[in-house]
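# Survey of secondary and tertiary structure
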Amino acid sequence: MQSSADIMYVYVARQAFKATGNDYPVLEVNDVIHVTSEFIHRKNVNIENPDGWIYGANLRTGQEGYFRGYCLMLNGTTHARTMSQRRRLYSRDMSLPSIGGDSQIHVSGGRNVMSVTYGESDYVQAIPPIKNRRGSGHTSPSGQHNLAQYYFLTPVLCGHCRDYIWGSGPVGKQCEECWACFHNVCTPFSAAHPCSRPHRALPPTTVTTDVPISQWSSINVVDWMATLNLAPYTEIFKAKDIKGSDLLSLDREKLVSMGIKDEFHQKAIMVCIAQLQNECGDGLCIGDSSSTTTTAIGGGECNTPASHHNLRNQSFHELHSCDKCGLYLRGFVHQGQFCQDCGLVAHPTCAATGLPPCVRQSSKYIRRILLSSVFGLSLCTQFTPGEKTPAPLLLVRSCQEIVYSVDNDPSQDPYRLYRTPPQQETLNQLRQECDNDMSNVNLRVYEPHVIAYLIKRYLRELPEPVIPETFYDRFIEASRIHNDDQCAKCMTQLVNELNAHHFYTLKFLMSHFLQLCQIQVRRGTLDPPTLLIQSMCHVLLRPPWEKIVDLARNTEAHMRIVEMLLLKVDWGEKVPTFAPAPVLPPRPRTSVTYSGYVDNEVVNPPSPPMGVVMPPPSMSSSSLPYFSNIPANAPKSLKEAEWYWGTIVREDVNVLMKDSKDGTFLVRDASTGNNEYTLTLRKGGSNKLIKICHRNGKYGFTEPYTFNSVVELVNFCREQSLSQFNKALDIRLLHPVNRFHGEESEGARMRVEDLLCRLNELNKQHNSKSSNYTNCYERQVALAQDISINRQILDSYDETIMLIGDHLKLHDKFRLDAQPHEIDDLVNNREVLVRRLKAVEDARNQQDIVLTTLRRDCQAVERQCTALKLEVIKLVKQMDHLKNVLLSRGVSAEFIDQWLEKSDPTQVPQVPHPSMELSNESLWHFDTCSRDDAVNLLQNKPDGTFLVRMSQNGGFALSITCNREVQHCRIYKGEHGYGFAEPFLIYPTLKDLVLHYAEDSLIMHNDLLNTTLKFPARTAS
């Protein structure tokens, strides 16, 4: 068991940072930084959103030093690999002042002195020299792997089968020496891979504690999707903020509502979710279900190496199951491997761990798969580059047909053709005709969007994408060049380096897309081809399989690459002129007070020209041109805003905004972090989720981001329509959902005793729901096992039916050649076989009915299980909230646990004294409260009910109820603190004063006040 000192926090750089001075560690995008838990706790660092300077080790460069916190994003935890690593990081001097603004870092006076410049003054502090830890190859003395159990929140490539390890639970192992990772089923084969750490190797992102699927973030979900070849929809899942808990409750109806209308894609996604939930729920990775035996589902031994089969990577346009483990293949393309001799289909992991023998021309397998003559073949095998054949024949004929159809049918939107999925049967029929005879297929009978979708599928199934994987990193780097002309120049050079087949194919496709743009512009629609770019950004290029997780994180870079190639590179086609992006109205001039502070940030106003006297800054409403209707008490910071709800979950948002009017809105933290937020707006009777992006200190919905804060953006949208950002959102932010009137504020004002009773009620509900969920989950697992057994039974019936059919064919053949005296025996034997065939078919039909019933029951139980899980998660969040409120009131966690464990929770809790409410200053300290307001507030309240307010003559005053009357006492402040009279002005803060007189009566200062301070005004009932 690892101690807390062993924990290392793993951060990933989301932006580069390079300070002046050669000895300061450099930070590049995607660098992995390890930070010790000792530093995190010693400096009280915000783990999720670190600020200031963070001391850690850069695993890419091997350097140790201080990194800017805002550049880092938490990716998980691991443990220190060696004691020397912990000592090295623990031994550093970890104190460094916070640096803000435009401060520069430079090294002066030798390697051990750092000078930090703050305007005109320098702060000099000695720190240890930075060591450059260059990774050297590390080999186990015995050459054998030292495997240990790890968990894979982020998918990691298996060192044996080269497929990804993913899922929750103990799905794989990692070598402590060389960091190589293996599926559980692949660990027996790890000896074939020597234990040797590559030079400068980065450790994979593994964690030492399991993270259940229900706790996955949306980033974890899209990483999982990328490794399962579900990449086309990662952006949708990210935009919809689909977390692990949401993933488990998805069904086909929800997928359709998300815009996923392709039937095959729906089935493939549901298969992946089912395998994630069922297989990983049992602690197995995909392929592990067969790891306990060496027998395939058909009964054959699985000891044949993959090299004995004629395997090729294959894309399937229908669902197929693995012939070894029986599970469905996963993803949209390149789902598995196919033997061209015997027709066997297998997962990559199953193929790498032993297969059934290869039996050539086996009717059992070869009948299911027919190799394509067009799809899944390399570009270099399909055409010879030249003027007569500018691209593969399928692309040439299909693109020409699309341009012809769109040009002659004004109702067709050329930008949406590649986004509209056709009926699966129609698409499969067209695909089959193209495989049969591409030269003579009649494309005119098909709708343009069917042909366009066929093109997308063809491009996705290419073994090597149009932009080869070897060029991927270089194109990504080029996309980061901000200047469009320089970016286009760099990409032109990269395009010219492509081999002829890929170059001509890319040129043909870009010319085709420009022709569609020209048609759209001729019709008077000047919108840029954003939809077209989004449709093709993951089709034309993808990262190498070893970096496939980057696909979900580089969507913006993919879009910029396609946009630059389409609009900035010369392809011999005229680029039409599009309408410019709508110009944002000028931002309001932020009011600057005499102190020079704006929203807690120091600003330096520009100096006036020589000889010009500037008037004082105007505070009139004219300085806020479009905030005329914003109330004077509008929030100046996010935490003050009534519409900001923090980390509230989407389910709670739906409850808060149910049946609300159009224009109702609130803002919450985005699950992606990165200082981003989600605006939920009610329009048309449904909630619209709008992401508030953050870049370079600016906020906005679309680039360029021009608002200095979220408050400024929301205030703008309360006066101006959102249609300038999205034409479908012709509405303003009208009705904020006030969090100060919600359940949380009520909880904050409840007495400690009431909070404990409420917590006990939630705890009982949680225990009951958890028990129901456990029973439901066990029922679901049992049904899943029954379904698996029934599938095997059905497969056995199918094999028996096929076997009897083959015997009947043999009878018919032998009957033609039989002697006269043999015919009667053959006829009688055939009748016996026919009766047996009928009996087997009847039994098979009955078994099919049983399987259908089991599936229906399993789906019902699964829905019930998911609903219970969401309820349990909601109860846990409510309990955590109440616990946090109690902790803020001074109630210890030990007392809360003891209270929940009491055998008789109905009795009134005896809260430790002094009253915890008195420690919460917000319950009795009123910033704006007059004497009359205090009287009205305290009338008819129990004796000892009090508040502290501002006095009319300055300073503070105590208003308290005693003997059914409201009395007032002046609070004086002396040299040593607060009090009611000399020499008792000794309490450093008002809180200390209140806590003292909660124990001692006020009668010593006033004969009429024979009471202590008992009940804060905001909690007294």
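In case you missed it, the structure is sitting above this.
Sequence order as written defines residue numbering, which begins from 1 separately in each chain. Local features in a predicted model are, by the rule used here, given only for residues with pLDDT of at least 70; side-chain atom pairs are given and counted only at 80 or more, and totals for whole chains, interfaces and linings are based on all residues. Side-chain descriptors were evaluated using all non-hydrogen atoms of the structure, hydrogens and water having been removed beforehand.

## Digging into the overall build of the protein chain
Counting secondary structure elements, the protein chain contains 26 helices and 28 strands. Expressed as a percentage of its 1021 residues, the buried residues of the protein chain come to 47%. Every accessible area reported is derived by Shrake-Rupley at a probe size of 1.4 Å, with residue values counting cover from the shown protein chains alone. For the protein chain, the accessible surface area stands at approximately 50900 Å², while carbon and sulfur atoms represent 50% of it. Every helix listed is a DSSP run of H or I at least four residues long, and every strand listed is a run of E at least two residues long, numbered separately from the N terminus. Burial status follows relative accessibility: with a 1.4 Å probe on protein chains alone, a residue under 20% of its type maximum counts as buried, one over 50% as exposed, and anything between as partly exposed.

## Focus on the pairing of strand S24 (residues 945-950)
In terms of burial, S24 is a largely internal element, five of the six residues being buried. Bridge analysis of S24 against strand S28 (residues 1015-1016) gives two bridges, and the strand direction is parallel. Its bridge partner lying in S28, Thr945 is registered against Phe1015. Inspection of the sheet shows S24 paired to strand S25 (residues 956-962) by five bridges, in the antiparallel sense. Counted as the bridge partner of Met950 is Phe956 from S25. DSSP-based pairing: two strands are paired if at least 2 bridges between them are found. Linking two consecutive strands that pair antiparallel, namely S24 and S25, is a turn of five residues; a positive phi of about 90° is found at Gly954 within it.

## Notes on the packing of helix H10 (residues 393-408) against helix H15 (residues 500-522)
Here H10 crosses H15 at 5°, and the two axes come no closer than 10 Å. As judged from the angle between their axes, H10 and H15 are roughly parallel. Contacts between H10 and H15 involve Leu395, Val396, Cys399, Ile402, Val403, Val406 and Asp407 from the first element and Thr505, Phe508, Leu509, His512, Gln515, Leu516, Ile519 and Arg522 from the second. Classification used: nonpolar for Ala, Val, Leu, Ile, Met, Phe, Trp, Tyr, Cys and Pro, charged for Asp, Glu, Lys and Arg, polar for all others including Gly. Of the residues in the contact of H10 with H15, the class split is 10 nonpolar, three polar and two charged. Helix axes use the C-alpha atoms of the stretch in contact, all axes being lines fitted to C-alpha atoms, and the angles between their N-to-C directions lie in the range 0 to 180 degrees. Orientation is classified from the angle alone, with under 35 degrees giving roughly parallel, over 145 giving roughly antiparallel, 65 to 115 giving roughly perpendicular, and any other angle giving oblique. The contact definition used throughout considers only heavy atoms, calling two residues in contact when any of these lie within 4.5 Å.

## Things to note about the nonpolar core
Ranked by size, the top nonpolar core spans 104 residues in total, and within it Trp224, Phe237, Tyr418, Leu459 and Leu565 carry the most contacts. When residues in this core are grouped by element, the largest group, 10 residues, is from H15. Not counting chain neighbours up to four residues away, the residues in contact with Leu459 comprise Leu395, Val466, Leu509, Met536, Val539 and Leu540. In these notes, a set of buried Ala, Val, Leu, Ile, Met, Phe, Trp, Tyr and Cys residues joined through side-chain atoms within 4.5 Å is what counts as a nonpolar core. Leu638, Phe665, Val667 and Phe725 belong to the second largest nonpolar core, which has 25 residues in total.

## Observations regarding helix H26 (residues 990-997)
Buried residues of H26: Leu990, Leu993, Val994 and Tyr997, and no others. Viewed end-on, H26 has its buried residues packed into an arc of 95°, placing them on one side of the element. Structurally, H26 contributes buried residues whose contacts are with S24, S25, strand S26 (965-973) and strand S27 (978-979). Read the arc as the range of directions from the helix axis to the C-beta atoms.

## Quick word on the sheet that holds strand S23 (residues 735-736)
With respect to topology, five strands assemble into an open sheet ordered S22-S21-S20-S19-S23, the strand pairing being mixed. Strand pairing shows two members of the sheet lacking a second neighbour, strand S22 (698-700) and S23, which therefore form its edges. As paired elements, strand S19 (residues 664-669) and S23 share two bridges and run parallel to each other. Note on S23: the bridge partner recorded for Thr664 is His735. Each of S19, strand S20 (677-683), strand S21 (686-695), S22 and S23 touches helix H20 (residues 710-719); the most contacted strand, S19, lies at about 165° to it.

## A look at the sheet that holds strand S9 (residues 147-150)
Strands sit in the order S9-S12-S13 across an open sheet of three strands; the sheet is antiparallel. At either end of the open sheet lies a strand with only one pairing partner, and these are S9 and strand S13 (181-183). Pairs of neighbouring strands in the sheet enclose a mean axial angle of 35°, with direction left out of account. Here strand S12 (residues 172-175) runs beside S13; their pairing, made up of three bridges, is antiparallel. Bridge pairing links Gly172 to His183 in S13.

## Here we look at the packing of aromatic side chains
In summary, the pairing rule links any two rings of Phe, Tyr or Trp, Trp by its six-membered ring, whose centres are within 6.5 Å, and it sorts them by plane angle into stacked for under 30 degrees, edge-to-face for over 60 and tilted for everything else. Scanning the model with the defined rule gives 18 aromatic pairs in all. An angle of 75° between the planes, with centres 5.1 Å apart, marks the rings of Phe701 and Phe725 as edge-to-face. Here Phe701, found in the loop between S22 and H20, pairs with Phe725, found in the loop between H20 and S23; they are 24 residues apart in sequence, far enough to count as distant. Ring centres 6.3 Å apart and planes at 35° place the aromatic pair Trp924 and Phe946 in the tilted group. Taken together, the positions of Trp924 in the loop between helix H24 (893-900) and helix H25 (931-938) and Phe946 in strand S24 put the pair 22 residues apart, joining distant regions of the chain.

## Structural notes on the pattern of salt bridges
By definition here, a salt bridge exists when the distance from a side-chain nitrogen of Lys or Arg to a carboxyl oxygen of Asp or Glu is within 4 Å. Under the definition given, this model contains 24 salt bridges. Close ionic contact of Asp241 with Lys243 constitutes a salt bridge, the shortest N to O distance being 2.9 Å. The class of Lys243 is partly exposed, set by a relative accessible area of 22%. Among the salt bridges present, the one from Asp407 reaches Arg522, with a minimum N-O distance of 3.5 Å.

## What to know about the environment of Gln939
Structurally, Gln939 is set in the loop between H25 and S24. The spacing of Gln939 and Val966 is 27 residues in sequence and 6.8 Å in space, taken between C-alpha atoms.

## Focus on unusual backbone geometry
The step from Glu703 to Pro704 runs through a cis peptide bond, and the omega angle for that step is 0°. Mapping Pro704 onto the fold places it in the loop between S22 and H20. One non-glycine residue, His334, adopts positive backbone phi at about 50°. Along the polypeptide, His334 turns up in the loop between strand S14 (311-314) and strand S15 (336-339). Located in the positive-phi region is Arg964, a residue other than glycine, with phi close to 65°. Here Arg964 shows up in the loop between S25 and S26.

## Let's talk about the side chain of Ser511
Its location among the elements puts Ser511 in helix H15. Assessed through its relative accessible area of 11%, Ser511 is described here as buried. Contacts described as polar in this section are N or O atom pairs within 3.5 Å, which, within protein, must combine one atom able to donate a hydrogen with one able to accept it, while residues neighboring in sequence count only if both atoms come from side chains. Engagement of the side chain of Ser511 in a polar contact is seen with the backbone oxygen of Lys507, the distance being 2.9 Å. Once you skip the residues sitting within four places of it in the chain, Ser511 turns out to touch Trp571 and Glu573.

## Describing the packing of helix H22 (residues 752-817) against H24
Where H22 meets H24, the closest approach of the two axes is 10 Å, and the angle between their N-to-C directions is 55°. Regarding the angle of H22 to H24, the classification is oblique. Viewed along their axes, H22 and H24 form a crossing whose handedness is right-handed. Residues Leu756, Cys757, Leu759, Asn760 and Asn763 of H22 lie in contact with H24, whose contacting residues are Phe895, Ile896, Trp899 and Leu900. Along the lines of polarity and charge, the residues of the contact of H22 with H24 split into seven nonpolar, two polar and no charged. We call a crossing left-handed when the near helix sits turned anticlockwise from the far one by less than a right angle, and right-handed when that turn is clockwise.

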